[in-house]
Amino acid sequence: MTATSLDIVAIGNAIVDVIAQADEAFIAAEGIEKGSMRLVDTDTAEGLYGRMAPGIEASGGSAANTVAGIAALGGKCGFIGQVADDFLGGVFTHDIRALGVAFDTPMRAPEPPTARCLILVTPDAQRTMNTFLGAAQYLPAASIDQSLIASAAILYLEGYLWDPEQPRAAMRAAITIAKGAGRKVAFTLSDAFCIERHRADFRTLIESGQIDILFANEAEILSLNETRDFDAAVADLAAKVPLLVVTRGEHGAIAVEGGTRFFAVPAEPVAQVKDTTGAGDLFAAGFLAGHAAGRPTADCLTMGAIAAAEVISHYGARPEADLKALVAARLG
C-alpha cells in the first residue's frame, strides 16, 4: 500500500446555506414539519427564500462541512462535489479552497444552478432544512479523481448524495478505487429520510464489508434497523462494521470498535445552543481528524464532541473558534 498525502477526501453535496431565524408560526404557515429536511424544486425554493427573514449565507453541505472542520483541526483534505458556473458556485469554490481543501471538480453550465439549502432556525435552536439540490445532483462518475481518492487515508461519503443516480454511481466508483488502494471508507447515514428510501442499499454496503467507519445518530440507527431498541441496533451494526460511531445529542456519543470495544463520552457543555445546523457534520470532523492522526477512539469521540459543541454555539455550520486550541486545552 502506497503512502498517503491526504487524511480525508470527501464526496458530497456542494451547497450554499442560507440560514434565517423563524418562529414556529412561520414554519406552520409554510406547511413544513419542524426539524425536518425536505427536498424542494426551483419554484418552492425561490418562493420560500422571498418569504424568509434576512439570513446568513455561507458555504455548506454535510461532507463539505466535515472537511472544513477537519481542515480547521489541521488535517489535509480534498473534496469532490458539483457546482454550476454561477455566482454561488464561485462562492462555494472560493470558500472551500480558502480553507486549504483541495477542490478541483469542473463546474457545470449555469443551469441548473448551484445547490442551496434554506435553513429556518426556531428559538429552540432546531433547524428545518429546505434543500434545492440543483447542480449537486449531477456529479458524474467521470469527475471522480482516482489519484485524489487513492492519495487519502479515508474516503468519506454522505448519505444525502445517494438519491440522484449520477452521484450514487460516482460514490460506488470511489469506493472501488479506495478499497483497491487499501484505504478506509467512512459513510454517514445523514438523515432518516435517506434511510427510508435507500435502506436496502445502505444495508448492502454495510453487510458486504464496504464500510469501515459508519456514522449515525440515534434516530438513524433505529430507522436503519427498523427497531425501537437502541441497544439491539447498536449490537447488530457493530458486528458488521469495524468502527461504529453514534451520536445521541445532549446524551453524548458512543463508539464500538471491532464489535466489542465500547467507548462513550458525554456531550460538551454549551452556554447557549443557538443553532444545531452542522452538529453531526462537525462531530464527524473531530472524530475523523483524531482517527486519521492515530489518536485513541475515546479521544476521537471527545474531539467530535468538542467540534459539535463549538458549532451549535453560533449560527452557521462551519467552526468560528479555534478548534485546535479547544482540543489542545482538553486533550493536549
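Residues numbered from 1 in each chain as written. Predicted model: local features only at pLDDT ≥ 70, side-chain atom pairs only at ≥ 80, totals over all residues. Heavy atoms only, no water.

Engineer: Got a minute to help me understand the overall build of the protein chain in this structure?
Structural biologist: A count of helices and strands for the protein chain gives 12 helices and 13 strands. Relative to a compact globule of 332 residues, whose C-alpha radius of gyration would be 20 Å, the protein chain shows 18 Å and is just as compact. In terms of overall dimensions, the protein chain has a C-alpha envelope of 50 × 45 × 40 Å along the principal axes. Here the analysis covers contacts within the protein chain between residues at least 6 apart in sequence; of these, 73% occur between residues at least 24 apart. (Helix = DSSP H or I, 4+ residues; strand = E, 2+ residues; numbered from the N terminus. Rg over C-alpha atoms; globule rule 2.2 N^0.38 Å. Contact = heavy atoms within 4.5 Å.)

Engineer: Even after reading the chapter, I still don't get the pattern of salt bridges, so can you show me in this structure?
Structural biologist: Any two side chains of opposite charge can pair, on the condition that their charged atoms come close. With the rule as written, the count across this model stands at 16 salt bridges. Of the charged contacts, one joins Glu24 and Lys34 as a salt bridge, the two residues approaching to 3.1 Å between their closest N and O atoms. Here the residue Glu24 occupies a position in helix 1 (residues 24–29), and Lys34 occupies one in the loop between helix 1 and strand 3 (37–39), the gap between them amounting to 10 residues. A relative accessible area of 46% means that Glu24 is categorised as partly exposed. A salt bridge links Glu257 to Arg261, with the nearest nitrogen and oxygen atoms 3.9 Å apart. You can call Glu257 partly exposed: its relative accessible area is 22%. Of the residues examined, Arg261 reaches a relative accessible area of 44% and is grouped as partly exposed. Salt bridges linked by common partners bring Arg203, Glu207, Asp236 and Lys240 together as one network. (Salt bridge = Lys/Arg side-chain N within 4 Å of Asp/Glu carboxyl O. Buried < 20%, exposed > 50% of the residue type's maximum accessible area, 1.4 Å probe, protein only.)

Engineer: Explain the environment of Ser59 here, please?
Structural biologist: Position of Ser59 relative to the elements: it lies in strand 4 (residues 56–60). Put simply, Ser59 and Lys324 are 265 residues apart on the chain and 21 Å apart in space, counted from C-alpha to C-alpha. Here Ser59 is in contact with Ile15, Val16, Asp17, Asn65, Val91, Phe92, Asp95 and Arg318, once residues within four sequence places are set aside. Within polar-contact distance, the side chain of Ser59 engages the side chain of Asp95 at 2.6 Å. (Polar contact = N/O pair within 3.5 Å; in protein donor to acceptor, adjacent residues only side chain to side chain.)

Engineer: Can you help me understand the UniProt feature "domain: Carbohydrate kinase PfkB" (unreviewed entry) in the protein chain in this one?
Structural biologist: In this numbering, the UniProt entry assigns the feature "domain: Carbohydrate kinase PfkB" (unreviewed entry) to residues 59–319. Along residues 59–319 one finds 41% helix and 20% strand; the C-alpha atoms at either end are 12 Å apart. (UniProt positions renumbered as here; feature names shortened; annotations may be inferred.)

Engineer: I keep staring at the sheet that holds strand 4 and nothing clicks. Help me out?
Structural biologist: Note on sheets: strands pair through backbone hydrogen bonds, and any given pair is parallel or antiparallel. Strands sit in the order 3-7-6-2-4 across an open sheet of five strands; the sheet is mixed. Edge positions in the open sheet fall to strand 3 and strand 4, since each of these has one partner strand only. The average undirected angle you get between the axes of adjacent strands in this sheet is 20°. In this structure, strand 2 (residues 15–21) lies alongside strand 4, joined through five bridges in antiparallel fashion. (Pairing = 2+ DSSP bridges. Axes fitted to C-alpha atoms, helices over the stretch in contact; angles between N-to-C directions.)

Engineer: Honestly, the pairing of strand 12 (residues 253–257) in this entry has me stumped. Any pointers?
Structural biologist: Taking burial as the measure, the five residues of strand 12 include four buried ones, the bulk of the element. Direction of pairing for strand 11 (residues 243–247) relative to strand 12: antiparallel, over a ladder of five bridges. Among the inter-strand pairings, Val245 is bridged to a residue of strand 12, identified as Ala255. Two successive antiparallel strands, strand 11 and strand 12, enclose a turn made up of five residues, where Gly249 displays a positive phi of approximately 60°. Alignment of strand 12 against strand 13 (residues 261–265), held across five bridges, turns out to be antiparallel.

Engineer: Help me understand the packing of helix 7 (residues 192–207) against helix 8 (residues 218–225) in this model?
Structural biologist: Between two packed helices, what matters for the description is the angle formed by their axes and the separation of those axes. Interhelical geometry of helix 7 versus helix 8 gives an angle of 65° and a closest axis separation of 9 Å. Classified by chirality, the crossing of helix 8 by helix 7 is right-handed. Residues Ala192, Ile195, Glu196, Arg199, Phe202, Arg203 and Ile206 of helix 7 form the contact with helix 8, whose participating residues are Glu220, Ser223, Leu224 and Asn225. Grouping the constituent residues of the contact of helix 7 with helix 8 by class yields five nonpolar, two polar and four charged. (Left-handed = near helix turned anticlockwise from the far one by under 90°. Nonpolar A, V, L, I, M, F, W, Y, C, P; charged D, E, K, R; others polar.)

Engineer: Would you explain the sheet that holds strand 10 (residues 213–217) in this entry?
Structural biologist: Spatially, the eight strands line up as an open sheet ordered 5-1-8-9-10-11-12-13, and their pairing is mixed. Of all the strands in the sheet, the pair left with one neighbour each is strand 5 (77–80) and strand 13. Across the sheet, the mean angle separating the axes of adjacent strands is 15° when strand polarity is ignored.

Engineer: Just to check I follow, could you spell out the nonpolar core for this structure?
Structural biologist: Soluble globular proteins: nonpolar side chains tend toward being buried together. Core analysis: the largest hydrophobic core is formed by 54 residues, its most contacted members being Ile11, Ile149, Leu155 and Ile221. Setting aside its immediate chain neighbours within four residues, Leu155 contacts Val9, Ile11, Ile149, Ala174, Ile175, Ala178, Lys184, Val185 and Ala186. Ranked by size, the runner-up nonpolar core spans 46 residues in total, among them Ile70, Leu73, Ile154 and Leu288. (Core = buried A, V, L, I, M, F, W, Y, C linked by side-chain atoms within 4.5 Å.)

Engineer: Could you clarify how one ought to interpret the pairing of strand 8 (residues 152–158) in this entry?
Structural biologist: Regular strands show a simple pattern: their side chains alternate between the two faces of the sheet. Summarising burial for strand 8: six of the seven residues are buried, a large majority. With five bridges connecting them, strand 1 (residues 6–11) and strand 8 associate as parallel partners. Counterpart to Ile11 in the pairing with strand 8 is Leu157. Across five bridges, the pairing between strand 8 and strand 9 (residues 184–188) is parallel. Bridging across to strand 9, Ile154 finds its partner in Lys184. In this region the chain leaves strand 8, passes through helix 6 (residues 165–180) and returns to the parallel neighbour strand 9; the handedness of that crossover is right-handed. (Right-handed = clockwise from strand over helix to strand, strands pointing away.)

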